[in-house]
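# Structural overview for review
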Amino acid sequence: MKLSNIIFTVFFFLSTLAVAQETQTEPMMEESAIQAYELSIGAGKAYPYIPQDFKDQSKQGLDIDGGIGAILKTGSMGYSSLYLSVGYNSFDANTEEILLSQNKNSNDWIAGGGSVKLWNFHLNYKGTFSTERTIAPYFLLGVGFNSFKKNDVTLWDIVADTVTTIVGDSRSDFSWNIGAGIDVPLGDLFTVYLEGKYILA
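In short, a report on the structure. (Residues numbered from 1 in each chain as written. Predicted model: local features only at pLDDT ≥ 70, side-chain atom pairs only at ≥ 80, totals over all residues. Heavy atoms only, no water.)

What follows deals with the pattern of salt bridges. Per the stated rule, a full pass over the model turns up 3 salt bridges. Lys 126 serves as the salt-bridge partner of Asp 183, at 3.3 Å between the closest nitrogen and oxygen. Highlighted residues: Asp 183 in strand 10 (residues 169–186) and Lys 126 in strand 6 (residues 116–128), separated in sequence by 57 residues. Of the two residues, Asp 183 and Lys 126, neither departs from the other in class, the shared state being buried. Here Arg 171 ties to Asp 169 by a salt bridge, and the two come within 2.4 Å at their closest N and O atoms. Residue Arg 171 is classed as partly exposed on the basis of its relative accessible area of 31%. Judged by relative accessible area, Asp 169 falls into the partly exposed class, the value being 27%. (Salt bridge = Lys/Arg side-chain N within 4 Å of Asp/Glu carboxyl O. Helix = DSSP H or I, 4+ residues; strand = E, 2+ residues; numbered from the N terminus. Buried < 20%, exposed > 50% of the residue type's maximum accessible area, 1.4 Å probe, protein only.)

Another point: the side chain of Ser 90. Within the element layout of this structure, Ser 90 appears in strand 4 (residues 80–91). You can call Ser 90 buried: its relative accessible area is 14%. Reaching out from Ser 90, the side chain makes a polar contact with the side chain of Lys 117 at a distance of 2.9 Å. Those residues in contact with Ser 90 that sit more than four places away from it in its chain are Gly 61, Leu 62, Val 116 and Lys 117. (Polar contact = N/O pair within 3.5 Å; in protein donor to acceptor, adjacent residues only side chain to side chain. Contact = heavy atoms within 4.5 Å.)

So, on to the nonpolar core. The biggest cluster of nonpolar side chains holds 7 residues, and these are Ala 93, Ile 98, Leu 99, Trp 109, Ala 111, Val 153 and Leu 155. The residues touching Ile 98, leaving out its near neighbours within four places in the chain, are Gln 57, Ala 93, Ala 111, Val 153 and Leu 155. In this structure, Ala 46, Phe 54, Leu 118 and Phe 148 belong to the second largest nonpolar core, which totals 6 residues. (Core = buried A, V, L, I, M, F, W, Y, C linked by side-chain atoms within 4.5 Å.)

Spatially, the 3 strands line up as an open sheet ordered 5-8-9, and their pairing is antiparallel. The sheet is open, and its two edges are formed by strand 5 (109–113) and strand 9 (162–166), each paired on a single side. Along the sheet, successive strands turn relative to each other by an average axial angle of 20°, direction set aside. Pairing geometry for strand 5 and strand 8 (residues 153–157), over 5 bridges, is antiparallel. Paired with Ala 111 across the bridge in strand 8 is Leu 155. (Pairing = 2+ DSSP bridges. Axes fitted to C-alpha atoms, helices over the stretch in contact; angles between N-to-C directions.)

Turning to the pairing of strand 3 (residues 61–72), a few remarks are in order. Across 12 bridges, strand 2 (residues 34–50) lies against strand 3 in antiparallel orientation. Residue pairing in the sheet places Ala 43 in a bridge with Ile 64 of strand 3.

Below, the discussion takes up the packing of aromatic side chains. According to the stated counting rule, one finds 10 aromatic pairs in the structure shown. Summarising the aromatic geometry, the rings of Phe 54 and Phe 148 are spaced 6.4 Å apart at their centres and angled 85° between planes, so their arrangement reads as edge-to-face. With Phe 54 in helix 1 (residues 52–57) and Phe 148 in strand 7 (residues 136–150), this residue pair connects regions lying 94 residues apart in the sequence. Here the aromatic rings of Tyr 125 and Phe 139 are separated by 6.0 Å at their centres, their planes lie at 45°, and the arrangement is tilted. A residue pair is termed long-range when its members are at least 10 positions apart, and Tyr 125 in strand 6 and Phe 139 in strand 7 qualify at 14 residues. Given the relative accessible area of 33%, Tyr 125 is considered partly exposed. The exposure class of Phe 139 is partly exposed, given its relative accessible area of 30%. (Phe/Tyr/Trp six-rings, centres within 6.5 Å; stacked < 30°, edge-to-face > 60°.)

Structure (structure tokens):
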């Protein structure tokens, strides 16, 4: 089964001091490819997309992301970074759609449960189209690992007073992501960025 979601998120990250700096005591020291380290944390909306039953039976969800990585030396096209990210998505169930999928009348049946939780861990490359630290667009590519869990669904027949349980599902898969966004620097240490990201597992 393929599983994906689209995530739109606002992130904040803090860049530490540059790793490689020229000094008078070591004038011949080779310049490092890493300019600085960065930390990021953010939150936003997550939208279920594939497969169709996941899309229909889940509401818009919550996305929380965090990461740590390194800003690389600026090249001719712009600056870039490599970082590890951890993401968490939570989706409440659309119980009306669950009842429809089971051919149950909402006047006679009540559905509960069915929420979905996702964890993803990715190694990402972020390329920014600017050689200076200014407002700039960027692209994002990443590969990693995705963990999916859907809780059991309980169907209660109000008339007959009986309960039916649809067993949930859990799995782990290789995953990748692609995205784009825009960096907006705030002073020397902070940057706000708005990002749209597509995850497929």
